[in-house]
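What follows is each chain in one-letter form.
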Amino acid sequence: MPNATEALKQRYGDPFEVVKALERAAAQGYESLTEDDLFMCKWVGLYTHRHEHGYFMLRTKQPNGVVTPAQLELIADITEKKNKGYADITTRQDFQLHWVHYTQAAGILRQLDAAGISTLGACGDILRNVVGCPVAGVDRDELFDAGPVAKQISDFFLGNPAYANLPRKYKIGVSACRSQCALPEIQCVSLVGAARTVEGRTQQGFDVRVGGGLSTQPFLSQRLNAFIAPEQAVEVVGAITDIWNQAPEYREKRHHARFKYLIHDWGVPKFREALQQRLGRPLEPASPAYHEPADTYRDHIGVHAQKQRGLYYVGAPVLVGRITSRQMQKVADLSRRYGDGKTIRLTVRQNILLLNVPEANVENVLGGLAEAGLSVNAHPVRRSVVTCTGTEFCKLAITETKARSRQIVEYLERRVPLEEPLRLHITGCPNACAQYQIAHIGLMGSKTKVDGQIVDAYDIFVGGQMGQGARFNHAVLRKVPAAECAKRLERLLAGYKKQRKPQEPFNDWCARVGDEQLRRLLTDGSAHPLADAEDVPVPEVPESDEPIY
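Described in the following lines is the structure provided in the data block. All of these numbers come straight from a predicted model, not from anything done at the bench.

Let us look at the state of the cysteines. Applying the stated rule across the entire model yields zero disulfides. Note on C133: no disulfide assigned, nearest cysteine sulfur contributed by C181 at a separation of 3.7 Å. The closest cysteine sulfur to the non-disulfide-bonded C188 is located on C433, 14 Å from its own sulfur. With relative accessibility at 1%, the residue C188 sits in the buried group.

This is how it looks when you write it as structure tokens:
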């Protein structure tokens, strides 16, 4: 039997018609929006705010992270005049605008659409933004430019009524980046650049991976043992989606309605056979030359020579993904003055890149970014930190994240000199919107008591790895008061610097010294100060449909 949400969607009909409800509300008042209307607003990128009545968060779609200077200036203008002067860059290479008042929502949607920015399917039970390598087409090391394929897949699904009512959210990555920066390990479906030799000739295409996803029950994606040509991508991804979309069992239990569960339940061999039947032909076997990359930053931060002679791209970290209208205007201006005036990209690590910068202009770009607080010479923690929305806006979050993450980063920058790659992810609840499970150090929101008062706390995880030896991290200390996290992490990182072997990565050091030693460092050798405190139950958090990255 379909769940209550499925009944709601059937009752509502065309989800994109919810725009009419927004237009009605602008004239008649917020109370004219029904509960069904508010739920379906997600299909045009809108979520209600946690605290403020009548306000929404709005998410855009930027396939492959592409944004033009004109589009960036529009986002800056909207945020400056209507949304308190900032936006968030998400882990799906798009923007989240906050403080969108219901009287302005429909008008802002029209403004964005006129500038070529869609919000259709940015949220809801539908294909989310298609992610890819932000330097597709210019990266010297890429196998080939997969950007056009990412755009084709996005265009195929965008506003397509046949795929506007999936069992749950659905995430696709397409990239031929050798570092696999689009994180194929955690996408529902990933097309990963690959090459093979047939009769002495090299063919370029994709290795297909399926079934990745995080949230409250994480799964790493699995290789399908399939090689597809770029021109087959839309057909194959469409067929994969059809199988899931038409499997009734994934519309019965809302918490079990993710594509990752289908792959887990069926297994790859059964799914591969079903896909072949759907396509009406056998799949080509995967290339034996496919290999997993080393676990690196995967962020494209810094100054890098492009494949185009004399041109460079510049990647700048955006602290906790929050970018001000002034910073957006500055980046757009730098692109126009010193780049090609066309090409800016967002990344899955919540950062921003300028492409096609002539060598003679690189220093001007670096100086302009530094003036805007976007220096590329960043401490590894600033460079790597990823955060979710937190209790500031999200209805399901347990802890505040953005301000706390900024405090942690700025503290560690001052206290712990560090050159080695380190991924720090901080999320406000088990839904893992900030992908804490894949981090070298992950913090997950919780609650605890200090002096009889319930306060924000975090569970500390270590050991997440992507690429070769991919695995999720594990908890080493629970319910650390949020105010203490910066100092605890300082002790941990100081221990790493002191005890590591030459060139030993953080994860290898953690595995070698063991969890007991890590706990001693995190607690300064003492027992957990709250070990005997009355436990504070953490609210049950269902797998989220709320503001997630």
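Having seen the structure, we can now continue with the description.
In spatial order, the strands read β3-β14-β15-β12-β11; together these five strands make up an open sheet with antiparallel pairing. Of all strands in the sheet, those bounded by a partner on one side alone are β3 (66-67) and β11 (302-305).

Moving on: the packing of helix α4 (residues 69-82) against helix α5 (residues 105-114). Packing of α4 against α5 brings their axes to within 11 Å, and their N-to-C directions diverge by 160 degrees. Classed by the angle they form, the pair α4 and α5 counts as roughly antiparallel. When you trace α4 past α5, the crossing you get is right-handed. Contacts between α4 and α5 pair L74, I75, I78 and K82 from the former with I108, Q111 and L112 from the latter. The class makeup of the residues in the contact of α4 with α5 is five nonpolar, one polar and one charged.

Turning our attention to the pattern of salt bridges. Tallied over the entire structure, the rule returns 32 salt bridges. R278 serves as the salt-bridge partner of D242, at 3.7 Å between the closest nitrogen and oxygen. With D242 in helix α7 (residues 233-245) and R278 in helix α9 (residues 268-279), this residue pair connects regions lying 36 residues apart in the sequence. Between R337 and D333 there is a salt bridge, with the nearest N and O atoms lying 3.3 Å from each other. Here D333 and R337 lie together in helix α10 (residues 325-338), a separation of four residues that amounts to about one turn.

Criteria and thresholds
- Residues numbered from 1 in each chain as written.
- Predicted model: local features only at pLDDT ≥ 70, side-chain atom pairs only at ≥ 80, totals over all residues.
- Heavy atoms only, no water.
- Disulfide = S-S within 2.5 Å.
- Buried < 20%, exposed > 50% of the residue type's maximum accessible area, 1.4 Å probe, protein only.
- Pairing = 2+ DSSP bridges.
- Helix = DSSP H or I, 4+ residues; strand = E, 2+ residues; numbered from the N terminus.
- Axes fitted to C-alpha atoms, helices over the stretch in contact; angles between N-to-C directions.
- Parallel < 35°, antiparallel > 145°, perpendicular 65-115°, else oblique.
- Left-handed = near helix turned anticlockwise from the far one by under 90°.
- Contact = heavy atoms within 4.5 Å.
- Nonpolar A, V, L, I, M, F, W, Y, C, P; charged D, E, K, R; others polar.
- Salt bridge = Lys/Arg side-chain N within 4 Å of Asp/Glu carboxyl O.

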